[in-house]
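# Architecture and fold: a report
Each chain, letter by letter, is given below.
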Amino acid sequence: MLNSNNQQAEHQMLFVYCIAFFLLFTVSTVFALKYEPVGTAVQEPEPPAATQESKTVTDPLVLAALQGEAWAQYQLGIAFISGIDRRKDPEEGVLWLKKAANQNHSEAQFELGTIYSQGKDVQRDYLNAYYWISRAELSGNALARARKQKLAPEVSGADRARLDHRARSDHAAQTGQ
């Protein structure tokens, strides 16, 4: 009796393992077929270029960005820089971030400062980094002051004074203050 119970338990475990393997194989096969069809290259349509006329663009984010919405310009810039949800194009991304930043979008200003200071997707440029971080600080970005202090040793005192003045002037011109 004990031996037959052990055999029955072993058969049940074998059955459970077979079912688990079958499910795992089925799910992985479906996933593979859904995302990479065998024998064919996946051709995703190219998203509309951000510079196209708005009448031919159907992407709501691009439409909002073309209409001058700073939040959309910021999101579009991040998307182009990261390559998430559209082709990776850091140059295009920086252009959109600048459009948002010039409307005093503090996250766009901070992101530009970060990009220029790290030199990840653009050539490292501490002067541009310091300028955009200064603009972010003036726009109320909570992280900008600490980043500006970290950047200060990379920029001469005369350049810091000139860039702070320029940032204040540009900020005042855009906010009417």
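Residues numbered from 1 in each chain as written. Predicted model: local features only at pLDDT ≥ 70, side-chain atom pairs only at ≥ 80, totals over all residues. Heavy atoms only, no water.

### A few points about the overall build of the protein
Each helix and strand in the protein was counted, giving eight helices and zero strands. Listing each helix as α and each strand as β along the protein from the N terminus yields α-α-α-α-α-α-α-α. Counting only residues that meet the buried cut, the protein has 32% of its 177 residues in that class. Once local pairs closer than 6 in sequence are excluded, the contacts in the protein between residues at least 24 apart make up 48%. Accessible surface computed for the protein: about 11,600 Å², of which carbon and sulfur atoms make up 57%. (Helix = DSSP H or I, 4+ residues; strand = E, 2+ residues; numbered from the N terminus. Buried < 20%, exposed > 50% of the residue type's maximum accessible area, 1.4 Å probe, protein only. Contact = heavy atoms within 4.5 Å. Areas by Shrake-Rupley, 256 points an atom, 1.4 Å probe, with all protein chains shown as cover.)

### Some points on unusual backbone geometry
The backbone phi angle of aspartate 85 is positive, close to 75°, even though this residue is not glycine. Looking at the element boundaries, aspartate 85 is found in the loop between helix H3 (70-82) and helix H4 (90-101). Accessibility expressed as a relative area gives 65% for aspartate 85, which makes it exposed.

### Notes on the packing of helix H6 (residues 126-138) against helix H7 (residues 144-151)
Axis separation between H6 and H7 bottoms out at 9 Å; the angle between their running directions is 155°. In terms of orientation, H6 and H7 fall into the roughly antiparallel class. Considering how the two elements wind past one another, H6 and H7 form a crossing that is left-handed. Together, Tyr126, Ala129, Tyr130, Ile133, Ser134, Ala136 and Glu137 of H6 and Ala144, Arg145, Arg147, Lys148 and Leu151 of H7 make up the contact between the two elements. Grouping the amino acids of the contact of H6 with H7 by side-chain chemistry returns seven nonpolar, one polar and four charged. (Axes fitted to C-alpha atoms, helices over the stretch in contact; angles between N-to-C directions. Parallel < 35°, antiparallel > 145°, perpendicular 65-115°, else oblique. Left-handed = near helix turned anticlockwise from the far one by under 90°. Nonpolar A, V, L, I, M, F, W, Y, C, P; charged D, E, K, R; others polar.)

### Details of the packing of aromatic side chains
Within the structure shown, the criterion is met by one aromatic pair. Ring geometry for tyrosine 131 against tryptophan 132: centres 4.9 Å apart, planes inclined by 75°, an arrangement best described as edge-to-face. Using a relative accessible area of 2% as the deciding quantity, one classes tyrosine 131 as buried. By relative accessible area, which is 5% here, tryptophan 132 ends up buried. Seen from the ring of phenylalanine 80, arginine 86 lies directly overhead, with NZ or CZ sitting 5.7 Å from the centre. (Phe/Tyr/Trp six-rings, centres within 6.5 Å; stacked < 30°, edge-to-face > 60°. Lys NZ or Arg CZ within 6 Å of the ring centre and 35° of its normal.)

### Details of helix H8 (residues 157-175)
Between the first and last C-alpha of H8 there are 27 Å, a value that for 19 residues agrees with the 27 Å anticipated at 1.5 Å per step. Every buried residue of H8 is accounted for by Leu163, Asp164, Ala167 and His171. Down the axis of H8, the buried set is contained in an arc of 105°. They therefore lie on one face. Residues Ala158 and Ala173 are exposed on H8 and point more than 90 degrees away from its buried face. One or two positions beyond H8, positive phi appears at glycine 176, with a value near 75°. (Expected span 1.5 Å × (residues − 1). Arc of directions from axis to C-beta.)

So, to be careful, I would describe these as geometric facts and stop short of saying anything about function.
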